[in-house]
Amino acid sequence: PLLGRLQGLETSACPQVPRIGRLSTALPKNGPSAQYHRATLSYDKDGTALLMPFAQQDSAHLRILSLSDALVIQPAHDDAKAAGDPIGYLPLGQR
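Description of the structure in this document. (Residues numbered from 1 in each chain as written. Predicted model: local features only at pLDDT ≥ 70, side-chain atom pairs only at ≥ 80, totals over all residues. Heavy atoms only, no water.)

**Notes on the overall build of the protein chain**
Right, on to step 1. Within the protein chain, the regular secondary structure consists of two helices and five strands.
Right, on to step 2. Listed N to C, the secondary structure of the protein chain is α-β-β-β-α-β-β in terms of helices and strands.
Right, on to step 3. For the protein chain, buried positions account for 32% of its 95 residues.
Right, on to step 4. Long-range pairs, those at least 24 residues apart, make up 65% of the contacts in the protein chain between residues at least 6 apart in sequence.
Right, on to step 5. Split by element, the accessible area of the protein chain, about 6100 Å² in all, is 57% carbon and sulfur. (Helix = DSSP H or I, 4+ residues; strand = E, 2+ residues; numbered from the N terminus. Buried < 20%, exposed > 50% of the residue type's maximum accessible area, 1.4 Å probe, protein only. Contact = heavy atoms within 4.5 Å. Areas by Shrake-Rupley, 256 points an atom, 1.4 Å probe, with all protein chains shown as cover.)

This is how it looks when you write it as structure tokens:
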């Protein structure tokens with residue numbers, strides 16, 4: 001909701017429940033805290049969301065955030081994910 005409000009969206013327009021898409025690249029095993037990876041969002045010919053997390057996730061890189069269409073959600077202690085695996089995400093904006 002906070003990201004939606006910062007984008008000028010009404011509270012009701014903010015995503016409340018993560019959507020499910022597929023990874024376009026692998027993610028390593030996660031540590032003790034949940035990670036929200038900045039990613040680009042595209043769709044295949046069937047309409048399935050495809051998520052490509054950026055390699056650089058350092059919070060100081062605001063340019064990466066400005067290029068992001070989604071946040072990929074990787075829960076704490078999550079196993080490594082392969083390309084094509086389902087993953088939760090939150091879309092950013094209305095691109």
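**What about the pairing of strand β3 (residues 49-53)?**
Right, on to step 1. Only one face of β3 is covered, namely the one carrying A49, L51 and P53; the face carrying L50 and M52 has none of its residues buried.
Right, on to step 2. Two elements, strand β1 (residues 19-23) and β3, share two bridges in a ladder whose sense is parallel. Its bridge partner being in β3, R22 is matched across the sheet by L50.
Right, on to step 3. Here strand β2 (residues 35-43) pairs with β3 via five bridges, running antiparallel. Across the sheet, the residue bridging to L41 is L51, located in β3.
Right, on to step 4. Taking the residues that link successive antiparallel strands as the turn, the β2-β3 hairpin has five residues, and the phi of G47 there is positive, at about 90 degrees. (Pairing = 2+ DSSP bridges.)

**Section: the side chain of R38**
Right, on to step 1. Here R38 is to be found in strand β2.
Right, on to step 2. As a buried residue without a salt bridge, R38 has its nearest oppositely charged side chain in D58, at a separation of 6.2 Å. (Lys, Arg positive; Asp, Glu negative; His and termini not counted. Salt bridge = Lys/Arg side-chain N within 4 Å of Asp/Glu carboxyl O.)

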